[in-house]
Amino acid sequence: MAVESGSPNGAPQQTAPPGEAAATLRRGTLGVADIAFFVISAAAPLTVMAGTSPIALGAGGLGAPVGYVLAGATLALFAVGFTTMARHVRNGGGFYAFITRGLGRPAGFGAATLALLAYNGMQIGVYGLLATATQDALEAFWGIHVPWPPIALAGVVVIWFLGYRSIDFGAKVLGVLLVAETGILALLAGGVLLHGGAHGLALDSFTPQHVLVPGTGAVLAFAFAAFTGFESTAIYRHEAREPRRTIPRATYIAVAFLGLFYAFTIWIVIQAYGADRIVQAALADPAGLFFTATTRYVGSWAADLMHLFIITSILASQLAFHNAINRYGLAMAREGVLPPVLGRVHPRHRSPYAAGAVQSVLAVVVVLGFALAGADPYTQLLLWMNTPGMLGLLALQALTAIAVPLYFRRFRHQEGALRTQVTPIAATVLMLGALWLVIAKIDIMTGAGSATNAALVLAVPAAFAVGLLLARRVRRTRPAVYAGFAAEPDADPEPASAGPSAAAPEEAAARG
């Protein structure tokens, strides 16, 4: 087991056991496209379009595409301050490192425990969706029924193996799967455009009378949920080539692609059915909306491929979240907050294999727990795990937006006020509004009762509160660990450009 030794600033520092001294994450491996693949794959575009956008269409009608554009624009605004701060914060802890810098260590600990809940909830819950999608495909292709638990557990093994391998191997896998899932939707778009849609192509979706309707709030709630995972670019800082350039570019590319792709695809399916029939079709058969359109405009073979690519889309999303969780665990273990064993990196694959194994074991325990309780894989495993996960990520984005201007007010720098104050403050207002909107529409998203929905929502502040209690305990019992939480690394291949006062952010963070 790894042991700790003192670093120059008094924080705990990992010393690897014999045979693992050179085991670190693979530096300079990921380019802009690789990181963008991770981020876009986490959002699972095909699964979001075929699975949840029909519900958004049923609620918001023809103006649904604009909801996804507005959500993308809001997150792009958030990304301005986020990526500006990413140039200065070199810690690999993602959200919790950013929040620690701006709001202090107690809030950082709360963000860390919330991030673990959120990412695990998003990743593990989707095993329920993987099981139901695979069941549907097996019954459609061969007419056989397989119980859902073995499918979900097989998925855990596949994701564990892909996460165990090197990060560049995972990036290649995600690249192939992402091309497949977006390609099938591109085929649908091509077929609809060539046929001119049901009654000719129209732009009614973008007119005010179809956007400014009561159902737009529900559309926005689904739209913000559809972008989950885009912020994970910062987690890959230590594996990125030229992180100060790579991370911002990957973030902007991911947000722009998802926003435009979502809006365009929903507009396409509206054209496929026609403005007079789309809402009725979405309400009557939301699960089959995209499959029916694909069969009509491309062919039944393409609809069969869509069944298959939804499964691979889900797997890609789970791998992206699995990698993000592992790097959170690695960062927290190397800071002494989590058990040191989670900080081990494979000597050959350079992957955080110990954290990955523990996360996979947790997934097995949760899946088996739901299975033994006789739970439904979709309405319970998926929705009960994903809902606090999605809310947790939105809450972390809002906290990060708040942290950005506070961080930049504490030291001299060369960044402009637009990027460090004006835009982050505007993003804070919009992100808090998005969080409120999603909570207000939570019943539409889960279909559960008020008591269940209340428990799912309250899990988010409860996880944050656990982090606050943990911070208090660590500060009292292990002050060196507390002092080193979210600290800047002693060495980094690309120094931060903090300007004349590079040490000031550390002093600001120490106020916690």
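Everything discussed here concerns the structure shown above.
**Details of the overall build of the protein chain**
Across its full length, the protein chain carries 21 helices and two strands. Sequence-distant contacts, at least 24 apart, represent 82% of the contacts inside the protein chain between residues at least 6 apart. By element, 67% of the accessible surface of the protein chain is carried by carbon and sulfur atoms, the whole surface being about 19,200 Å².

**Brief notes about helix α16 (residues 377–408)**
The end-to-end C-alpha distance of α16, which contains 32 residues, comes to 45 Å, matching closely the 46 Å that a straight helix rising 1.5 Å per residue would cover. Along its length, α16 reaches its greatest deviation from straightness, about 35°, at L383. Most of α16 sits out of view: 26 of its 32 residues are buried. Measuring from the backbone nitrogen of Y378 back to the side-chain oxygen at the start of α16 gives 2.9 Å, which picks out D376 as the cap.

**Some words on the side chain of T83**
One can find T83 in helix α4 (residues 64–86). Looking at T83, the relative accessible area reads 0%, which means it is buried. Once residues within four sequence positions are removed from consideration, T83 is found in contact with P248, T251, Y252 and R419.

**Quick look at the pattern of salt bridges**
Summed over the entire model, instances satisfying the criterion amount to two salt bridges. Note that R87 and E415 form a salt bridge whose closest N and O atoms lie 2.6 Å from each other. With R87 in the loop between α4 and α5 (95–103) and E415 in the loop between α16 and α17 (417–440), the pair connects residues that are 328 residues apart, well separated along the chain. Residue R87 shares its accessibility class with E415, and that shared class is buried.

**Overview of unusual backbone geometry**
The phi dihedral of A44 falls on the positive side, at around 55°, and the residue is not glycine. Positionally, A44 belongs in the loop between α1 (32–43) and α2 (45–51). Of the residues examined, A44 reaches a relative accessible area of 6% and is grouped as buried.

**Considerations on a nonpolar patch on the surface**
On the surface, F141, W142, I144 and L308 cluster together to form a nonpolar patch covering roughly 410 Å² of accessible area. As for its placement among the helices and strands, I144 is situated in the loop between α6 (105–142) and α7 (148–164). With relative accessibility at 40%, the residue I144 sits in the partly exposed group.

**Structural notes on a positive patch on the surface**
Among the surface-exposed residues, R472, R473, R476 and R478 lie close enough to one another that they form a single positively charged patch. Relative to the helices and strands, R476 resides in helix α19 (residues 450–477).

**Overview of the nonpolar core**
Core analysis: the largest hydrophobic core is formed by 151 residues, its most contacted members being Y68, Y119 and Y262. The leading source of residues in this core is α6, at 17 residues. In contact with Y262, other than residues within four places in its own chain, are A43, P45, V48, M49, Y68, A226 and F227.

**Section: the packing of aromatic side chains**
The full count for this structure, using the stated rule, is 18 aromatic pairs. Considering the side-chain rings of Y119 and F321, the 5.9 Å spacing of their centres and the 55° angle between planes classify their relative orientation as tilted. Of this pair, Y119 sits in helix α6 while F321 sits in helix α14 (residues 300–334); the two residues are 202 residues apart in sequence, bridging distant segments of the chain. Per residue, the accessibility class of Y119 equals that of F321, and both read buried.

**Digging into the packing of α1 against helix α11 (residues 243–273)**
Running from amino to carboxyl end, α1 crosses α11 at an angle of 40°, the nearest separation of the two axes being 9 Å. On the basis of their axis angle, the class for α1 and α11 is oblique. Once α1 is placed against α11, the crossing between them reads as right-handed. Taking contact as the criterion, the partners of V32, I35, A36, V39, I40 and A43 in α1 are, on α11, T246, R249, A250, I253, A254, F257, L258 and Y262. Looking at the contact of α1 with α11 residue by residue, the classes come out as 12 nonpolar, one polar and one charged.

Reading the values: rules and limits
Residues numbered from 1 in each chain as written. Predicted model: local features only at pLDDT ≥ 70, side-chain atom pairs only at ≥ 80, totals over all residues. Heavy atoms only, no water. Helix = DSSP H or I, 4+ residues; strand = E, 2+ residues; numbered from the N terminus. Contact = heavy atoms within 4.5 Å. Areas by Shrake-Rupley, 256 points an atom, 1.4 Å probe, with all protein chains shown as cover. Expected span 1.5 Å × (residues − 1). Bend = angle between axes of the 7 residues up to and from the residue. Buried < 20%, exposed > 50% of the residue type's maximum accessible area, 1.4 Å probe, protein only. Polar contact = N/O pair within 3.5 Å; in protein donor to acceptor, adjacent residues only side chain to side chain. Salt bridge = Lys/Arg side-chain N within 4 Å of Asp/Glu carboxyl O. Patch = residues over 30% accessible without salt bridge, like charges linked within 9 Å, V, L, I, M, F, W, Y side chains within 5 Å. Lys, Arg positive; Asp, Glu negative; His and termini not counted. Charge placed at Lys NZ, Arg CZ, Asp CG, Glu CD. Core = buried A, V, L, I, M, F, W, Y, C linked by side-chain atoms within 4.5 Å. Phe/Tyr/Trp six-rings, centres within 6.5 Å; stacked < 30°, edge-to-face > 60°. Axes fitted to C-alpha atoms, helices over the stretch in contact; angles between N-to-C directions. Parallel < 35°, antiparallel > 145°, perpendicular 65-115°, else oblique. Left-handed = near helix turned anticlockwise from the far one by under 90°. Nonpolar A, V, L, I, M, F, W, Y, C, P; charged D, E, K, R; others polar.

In short, geometric facts, not functional conclusions.
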